[in-house]
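Working through the structure, step by step
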Amino acid sequence: MILAPMFINAQPNILLIFSDDLNTRIGPYLGIDEHTPNLDRLAKEGVMFTRAYCQYPLCGPSRASIMSGLYPATNGVLGNDDTPGSYKEINPALKDHPSMAGFFREQGYFTARVSKIFHMGVPGGIERGEPGGDEPESWDYAFNVMGPETLSPGELELLSPKNLHYGSNFARLILPDSLQYYQTDYIAANQAIAILESRAKAVAEGATNKVKIKPDAPFFLAVGFVRPHVPLISTESCFANYPDEESVLPSVEVGDNVPKEALVRQNDKIWGMDELQKKKTISAYMASVKFMDEQIGRLLNTMDQLDLRKNTIVVFLSDHGYNLGEHDCWAKTSLWEGTVRVPLVISVPGMEKTYGVKCESIAELIDLYPTLVELGGYADETPEILQGESLVKYIETENLVDNDAEAFTITNRGNAGTLVFGKYRYTRWGEDINSGNEELYNHESDPEELENLVGHPDQNKLIEEMRKRFNLAKKRSLKSIQ
């Protein structure tokens, strides 16, 4: 089905907004006011997927998977890698497979990247203004932010005494509001706004200088915000909303039959935070989210001012989730619900009948590539190799749920995985079934994943069914590309 005629012009513009390390602790998912008002606004102007899952809870593999439309086992990106070329370099068999942005570039779109879309070191690479593991053939224009990060003015407070690496530890920096203009995400928003204005405004009458690339083309603009990735940097006004003493730590309950591999990200094993440091980490995370949300507001306001919204698809997503003390686990690479579930909002002009809808069907982030291809009117040209499925039916139809949908995620370079199907999550640590390396949770009765049902005699039939589904999903995730 070709949907392009719904737009004012033949093809829609696309604004793709990434957040980094963001879980679903945002307004639309929590049902709280005044935390992320701009994401709330976007959710009211589109469809919010409440059960969307990443394919790998780590920046590099997840982003390569999203942008290639392929599972990590297929594209070969199983870790953070700053090699230019991304999946095409790691897996030369994919050298002719365009990324999501590359596909639209091939259709004549003007494509632009601002800041982190493929993997990029935060901090580190961002501080040096490097492109990271970008896929350069995707873009007509790319802008690398040189943000101060740990070099920002102010006192950088280490919150995790056992971990001194500033790409994975917990640290915070509270900035005066007057210094926000020099922060990575503020700079990224500035550049994105400049691009939007450039694409929307007509060339001066009689101009003979070259002022635009592909002047009459629609745009595909990908904007990568790095917050709330550590270090947790935000402004005084954002921090004021989240006093340390009001941070609520999750209660820690871990059953005796939870595999030890599921608990390697516990505080005492990696970070060594005391209770106050944990609370400061949570408040700083929330303040960083709020700062990121303010930058999204600037983009959305610019879209409205330039009258671009009527012909622009807007997508917001995170590369993966993030634990903040659940099971006493922190950060990423785990396979808990909080680590692999992500926010995903898709706003499409002309689909007002589903604005504000919360889609409860299971979705995967690799579904985004075929979704945008179909929304752009190119369904018949969808690359056959793509492993995701278009989500357009959920954007067109209110309250549609596919009971056969499932989501498959791996970690530990593919040596562990998890499958969500129906109301259940099945996780296996290792290639084969061994004593004590499986988990099964009922999200309907146990949304916090506190009771591992493996070993319960009355669950044997269900466990066998989930094992079979897991094995099939794992097999499907590795596609031959020779």
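Described in the following lines is the structure provided in the data block.

The rules we used
- The written sequence of each chain sets the order in which its residues are numbered from 1.
- A pLDDT threshold of at least 70 governs which residues receive local features in this predicted model, and a stricter bar of 80 or more applies before side-chain atom pairs are shown or counted, although totals over entire chains, interfaces and linings include all residues.
- The basis for every side-chain value is the complete set of non-hydrogen atoms in the structure, without hydrogens or water.
- Each helix corresponds to a stretch of at least 4 residues labelled H or I by DSSP, and each strand to a stretch of at least 2 residues labelled E; elements are numbered beginning at the N terminus.
- Helix span, expected: 1.5 Å multiplied by one less than the number of residues in the helix.
- Relative accessibility under 20% of the residue-type maximum defines a buried residue, over 50% an exposed one, and the middle range a partly exposed one, all with a 1.4 Å probe and only protein chains included.
- Polar contact is the term for a pair of N or O atoms within 3.5 Å; when the atoms are in protein, one must be able to donate a hydrogen and the other to accept it, and sequence-neighboring residues count only if both atoms are side-chain atoms.
- When checking whether two residues touch, look at their non-hydrogen atoms; a contact exists if any pair is within 4.5 Å.
- Between any two strands, pairing holds if DSSP finds at least two bridges.
- We call Phe, Tyr and Trp rings a pair once their centres come within 6.5 Å, taking the six-membered ring for Trp, and we label the pair stacked below 30 degrees between planes, edge-to-face above 60, and tilted otherwise.
- Whether a charge sits over a ring comes down to the Lys NZ or Arg CZ being within 6 Å of the ring centre and within 35 degrees of the ring normal.
- We define a salt bridge as a side-chain nitrogen of Lys or Arg found within 4 Å of a carboxyl oxygen belonging to Asp or Glu.
- Only buried Ala, Val, Leu, Ile, Met, Phe, Trp, Tyr and Cys residues count toward a nonpolar core, and they belong to the same one when joined by side-chain atoms within 4.5 Å.
- Comment: axis = line fitted to C-alpha atoms, over the contacting stretch for helices; angle = value between 0 and 180 degrees taken between N-to-C directions.

Focus: helix α11 (residues 275–305)
Taking 1.5 Å as the rise per residue, α11 with 31 residues should run 45 Å; its terminal C-alpha atoms sit 45 Å apart, in good agreement. Summarising burial for α11: 25 of the 31 residues are buried, a large majority. Regarding α11, its N-cap is D274, as a side-chain oxygen of that residue lies 3.2 Å from the backbone nitrogen of L276 further along. At the exit of α11 stands D307, carrying a positive phi of roughly 60°.

Focus on the environment of K479
Topologically, K479 is positioned in the segment after α15 (460–476). You can call K479 partly exposed: its relative accessible area is 30%. Sequence-wise, K479 and N75 are 404 residues apart; in three dimensions their C-alpha atoms are separated by 8.9 Å. Every residue in contact with K479, bar those within four places of it in the chain, is listed here: T74, E384, I385, L386 and Q387. Of the polar contacts made by the side chain of K479, one reaches the backbone oxygen of I385; its length is 3.0 Å.

Observations regarding the pairing of strand β19 (residues 424–429)
The side chains of a regular strand alternate, residue by residue, between the two faces of the sheet. In terms of burial, β19 is largely enclosed, as six of its six residues are buried. From the end of strand β18 (residues 416–421) to the start of β19, which pair antiparallel, there are two residues, and G422 there has a positive phi angle of about 60°. Pairing of β19 with strand β20 (residues 438–442), which is carried by five bridges, proceeds in the antiparallel orientation. Its bridge partner being in β20, Y426 is matched across the sheet by L440.

Notes on the sheet that holds strand β16 (residues 363–364)
Strand pairing within a sheet occurs via backbone hydrogen bonds; the two strands may be parallel or antiparallel. Strand order in the open sheet made by the three strands is β13-β3-β16, with mixed pairing throughout. Each of the sheet's edge strands pairs with one partner strand only, and the pair in question is β13 (341–342) and β16.

Considerations on the packing of aromatic side chains
For the coordinates displayed, the defined rule picks out 16 aromatic pairs. Between F408 and F470, the ring centres sit 5.5 Å apart and the planes meet at 75°, which makes this aromatic pair edge-to-face. Taken together, the residues span a long stretch of sequence, with F408 in strand β17 (residues 406–411) and F470 in helix α15 at a distance of 62 residues. Looking at F470, the relative accessible area reads 2%, which means it is buried. Above the face of the F110 ring, R199 is positioned so that its terminal group lies 4.0 Å from the ring centre. Over the face of the ring belonging to F421 we find R469, whose NZ or CZ atom lies 3.6 Å from the ring centre.

Things to note about the pattern of salt bridges
Throughout the structure, instances matching the rule amount to 32 salt bridges. Its salt-bridge partner being D21, residue K332 comes within 2.9 Å of it at the nearest N-O pair. Residue K332 is located in the loop between β12 (330–331) and α12 (337–340), and its partner D21 is located in the loop between β1 (13–19) and α1 (27–30); the two are separated by 311 residues in the primary sequence. The pair formed by K332 and D21 is uniform in burial state, with each residue classed as buried. One salt bridge connects R469 with E406, and the closest N-O pair in it is separated by 3.5 Å. Placement of R469 in helix α15 and of E406 in strand β17 is noted, with a sequence separation of 63 residues between them. The exposure class assigned to R469 is partly exposed, which follows from its relative accessible area of 26%. Taking relative accessible area as the criterion, E406 reaches 16% and is therefore assigned buried.

Side note on the nonpolar core
In this structure, L16, F49, M67, F220, I346 and L372 are the most contacted members of the largest nonpolar core, which totals 63 residues. By residue number, the principal contributor to this core is helix α13 (residues 368–375), which donates five residues. Not counting residues up to four positions away in its chain, the partners in contact with L16 are M67, M100, F220, L221, A222, V223, V315, L317 and L368. Counting residues in hydrophobic clusters, the runner-up holds 55 residues, among them V114, A188, V223 and L308.

Some thoughts on the sheet that holds β19
The sheet built from four strands is open, its strands ordered β17-β18-β19-β20 with antiparallel pairing. Strands at the two margins of the open sheet, each flanked by one partner only, are β17 and β20. Averaged over neighbouring strand pairs, the angle between their axes works out to 10° when direction is ignored. Bridging between β17 and β18 involves six bridges; their strand directions are antiparallel. Each residue of the ladder has a partner; that of E406, found in β18, is F421.

What is shown is where atoms sit, not what they do.
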